[in-house]
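Structure at a glance
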Amino acid sequence: QVQLVESGGGLVQPGGSLRLSCAAHGSIVSINKLGWFRQAPGKEREFVAAIRWGGVGSDRTYSIEGRFTISRDINKNTVTLQINSLNPEDTAVYYCAAAYDGTEYVYSAIEGYPYWGQGTQVTVSK
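Criteria and thresholds
Residues numbered from 1 in each chain as written. Predicted model: local features only at pLDDT ≥ 70, side-chain atom pairs only at ≥ 80, totals over all residues. Heavy atoms only, no water. Buried < 20%, exposed > 50% of the residue type's maximum accessible area, 1.4 Å probe, protein only. Helix = DSSP H or I, 4+ residues; strand = E, 2+ residues; numbered from the N terminus. Pairing = 2+ DSSP bridges.

For the rest of this paragraph, the subject is the pairing of strand β9 (residues 92-99). Of all eight residues in β9, seven are buried, a share of seventy percent or more. As paired elements, strand β4 (residues 33-39) and β9 share seven bridges and run antiparallel to each other. Pairing of Lys 33 across the sheet is with Ala 99, part of β9. Across three bridges, β9 lies against strand β11 (residues 120-124) in antiparallel orientation. Looking at β11, one finds that Val 93 is bridged to Gln 121. The pairing of β9 with strand β10 (residues 115-116) spans two bridges and is antiparallel. Residue pairing for β10: Ala 97 is matched across the bridge by Trp 116.

So far we have only geometry, and geometry alone does not tell us how the molecule works.
What follows is the structure, given as structure tokens:
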């Protein structure tokens, strides 16, 4: 099985930055796609960023905005989401998700990720 653990959430003032981490454990050797999603109160879960890899030098990243940056540390089995210029609309529970890449779902599709973490709360307020 694959277990994902998010960390790094908290209370941040508008304009500040946060760095969220997702640590992967278990049978992860075949995982080649990891995404970040968020869900605000009363809203649907939405895509934030994703990273795909297949070999050395093959990493590809995607994000909804430039202030969201996703990266991978191969040796530590972790994926980081750097968020800059935070605003109150970014307040949500942020989840990381992992999958085996395929052709049925695109990188931003929730249904394409079978493994999910418990989420970490991000609150942007004065």
